[in-house]
Amino acid sequence: MSGPSEWVRRWAPLVPRDVVNGSSGAQGGAVLDVACGTGRHLRVFHERGHPVTGLDRDALALATVHAALPGATLIETDLERSPWPLPGRTYAGVVVTNYLWRALLPTIVQSVAPGGVLIYETFALGNEQHGKPSNPDFLLRPGELLAACAIAPAPLRVVAYEDVTLDNPVRCVQRIAAVRN
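Quick caveat: nothing in here was measured; it's all calculated off a predicted structure. (Residues numbered from 1 in each chain as written. Predicted model: local features only at pLDDT ≥ 70, side-chain atom pairs only at ≥ 80, totals over all residues. Heavy atoms only, no water.)

1. Digging into the sheet that holds strand E7 (residues 171–179)
Spelled out, the test is: Two strands make a pair as long as DSSP finds a minimum of two bridges between them. Going along the chain from the N terminus, every DSSP run of H or I of four or more residues is numbered as a helix, and every run of E of two or more is numbered as a strand. Only the contacting stretch of a helix is used when fitting its axis, a line to C-alpha atoms as for every element, and angles between N-to-C directions run 0 to 180 degrees. We call two residues in contact whenever any of their non-hydrogen atoms come within 4.5 Å of each other.
Spatial strand order, E3-E2-E1-E4-E5-E7-E6: seven strands in an open sheet with mixed pairing. Single-partner strands in this sheet number two, and they are strand E3 (73–76) and strand E6 (157–166). The mean inter-strand angle of the sheet, taken between neighbouring strand axes irrespective of direction, is 10°. As paired elements, strand E2 (residues 52–56) and E3 share four bridges and run parallel to each other. Considered in E3, the bridge of Leu 55 is made with Ile 75. Contacts from helix H2 (residues 40–47) reach strand E1 (31–34), E2, E3, strand E4 (91–97) and strand E5 (112–123) within the one sheet, and its direction differs from that of E2 by about 175°. Each of E2 and E3 touches helix H3 (residues 59–68); the most contacted strand, E3, lies at about 175° to it.

This is the structure:
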């Protein structure tokens, strides 16, 4: 999947250009891409005028992003073995695609600033019938993204949610777009 996700493109306009800075450390219109890879979604938001931050463990992938988006903030980190690198920071947009580490779900949701948007799309149970990933540790259970967004004290308002099987290539995914009021 070299191009941006259609789900991300569809909901990108919901990400506000300005988010009030507060003690939370929110940046005006800034977007965080968790497990950003080579930055296909960072480019979408950069083109829309958002400051962008990408997290990934792959230094070579981050070098590719840096070459294309020299102004991007890029953090090399292993999200599964290291502490969250942005404690207390919130963003106007948080994007996650093709990545699941359940222990991070609450942190990802809490990283959405007031007025901000979470756009998340990754593999779901059933995908094991079509290829990789097939390990249930990396496949969302039914309704799991909905449950993650409902975490108190500040649940997100779901704008769109799907648990579907897609064609070309065939894959089972869950995806959500949700706003923090």
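That shown, we press on.
2. Details of the UniProt feature "domain: Methyltransferase" (unreviewed entry) in the protein
Under the convention used in this document: UniProt positions are given in the numbering used here, feature names are shortened, and annotations may be inferred rather than shown by experiment.
Under the UniProt annotation, the feature "domain: Methyltransferase" (unreviewed entry) is placed at residues 31–116. Spanning residues 31–116, this segment combines 28% helix with 29% strand, and its end C-alpha atoms are found 9 Å apart.

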